[in-house]
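# Descriptive analysis of the structure
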Amino acid sequence: MQSEDQHQEQAQNHQVYQQPDPTKVIWKALQNLKLGADRSRWTVHDDAQKKFIALPKAWQLVGKVEGQINDDGTVNFYFDTEHHLLMVLEKQPYNYKGWMVALDRWMNRERPTFLKQIPFKVRILKLPDVYRRHSMVESIGSKLGHVEEVTIVEPTTVKEAEVTVKVHFDVDDQISLTREVELIKGKPPVELDFRYEGLQKFCLLCGSLRHDFDVCSEYPKMQQRQFELMDIGTNPYATAQERNAAVSEYITIKETGESSGTATPMQAEHTSVVAVQRQRPQQRNLHDINIRQEESTSQQDEQGTKRKEVAEG
Ligand SMILES: [Zn+2]
């Protein structure tokens, strides 16, 4: 009995002796003060948080992906199954609030193309029949991005020919909707139209995916009437007819150079959205996609054409 008491006493002494520096304890306790509780709420990575909710919704995977917002504003998405991850990658492109989103696997993060490419299916219109050949289409497609796939559907009695390329579009490139193309050296060029599946917002002046037209460097060159027309052309409350008419008139002004004034550029910032994907340690069998918010200023990173490898692993 006695020895037990002694032992207890010793233990207590030992505890006292082992106590950490009281100053440390005091200041640690003082952190319970709730300092700042009465101040305004902080919002962290506001946009990342919204994407975090919006994207799994778009993927129809609510509850099946875990999201994690990183300090640098990127978001990682962890998938329960490889199958879901591949499905999400396959169904690209996505947009968030109309701005295009790029996705990538985290395992590709060391590659120069990481978060730098968006896969688009592009329809090539007005290509003369005689040039409807794989090599020709591939060559045209290479001007739009790294070509992954060429699809040529020959015309039938009821359907026109369909020419599409699947390209990995460089996020710093500019969208081309119409272009004169010299198909055969020395022959007159042909004007081709390009239609990007799933493309939403882009700069109507330069084709960038990273900013709105009103912050574009081309903006000061715009005429007042063009500005008004673009407003109508992008207004969801206008009728399709009104929008089409505005776009037609805009094109006419652009082609003929008819002017009615000069618009003043506005100071505004816009951000586009880029997403990445990554893989967590295998034991959890989770996969994820990481999303990054890009500054509207374009980055001059190295560009590559390794997008095919994204599907690996
Ligand atoms: Zn622009």
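A quick note: this is a predicted structure, and the numbers were derived from the prediction, not measured.

For the protein chain, the helix and strand inventory stands at seven helices and eleven strands. Classification of the 313 residues of the protein chain by burial places 27% in the buried group. Considering only contacts in the protein chain between residues 6 or more positions apart, those separated by 24 or more positions represent 63%.

Sheet architecture is open: five strands sit in the order β6-β7-β5-β9-β8, paired in antiparallel fashion. Edge positions in the sheet fall to β6 (146-153) and β8 (178-181), since each has one partner strand and no second. Between one strand and the next, the sheet's axes are offset by a mean angle of 30°, whatever the strand orientation. Where strand β5 (residues 117-125) and strand β9 (residues 190-196) come together, four bridges link them in antiparallel fashion. Bridging across to β9, I124 finds its partner in F194.

With that out of the way, let us pick up the UniProt feature "domain: Zinc knuckle CX2CX4HX4C" (unreviewed entry) in the protein chain. Following the UniProt record, the feature "domain: Zinc knuckle CX2CX4HX4C" (unreviewed entry) maps to residues 190-217 here. What you have in residues 190-217 is 0% helix and 25% strand, and the ends, taken at the C-alpha atoms, are 29 Å apart.

Ranked by size, the top nonpolar core spans 41 residues in total, and within it V122, I124, V137, V165 and F213 carry the most contacts. Elements that contribute at least two residues to this core include exactly β3 (94-96), β4 (99-101), β5, α5 (134-141), β7 (162-170), β9, α6 (224-233) and α7 (240-256). If sequence neighbours within four positions are ignored, V122 has contacts with L144, T164, V165, V167, F194, R195 and Y196.

Conventions we followed
Residues numbered from 1 in each chain as written. Predicted model: local features only at pLDDT ≥ 70, side-chain atom pairs only at ≥ 80, totals over all residues. Helix = DSSP H or I, 4+ residues; strand = E, 2+ residues; numbered from the N terminus. Buried ≥ 20, exposed ≤ 12 C-beta atoms within 10 Å, placed from the backbone. Contact = placed C-beta atoms within 7 Å. Pairing = 2+ DSSP bridges. Axes fitted to C-alpha atoms, helices over the stretch in contact; angles between N-to-C directions. UniProt positions renumbered as here; feature names shortened; annotations may be inferred. Core = buried A, V, L, I, M, F, W, Y, C linked by C-beta atoms within 7 Å.

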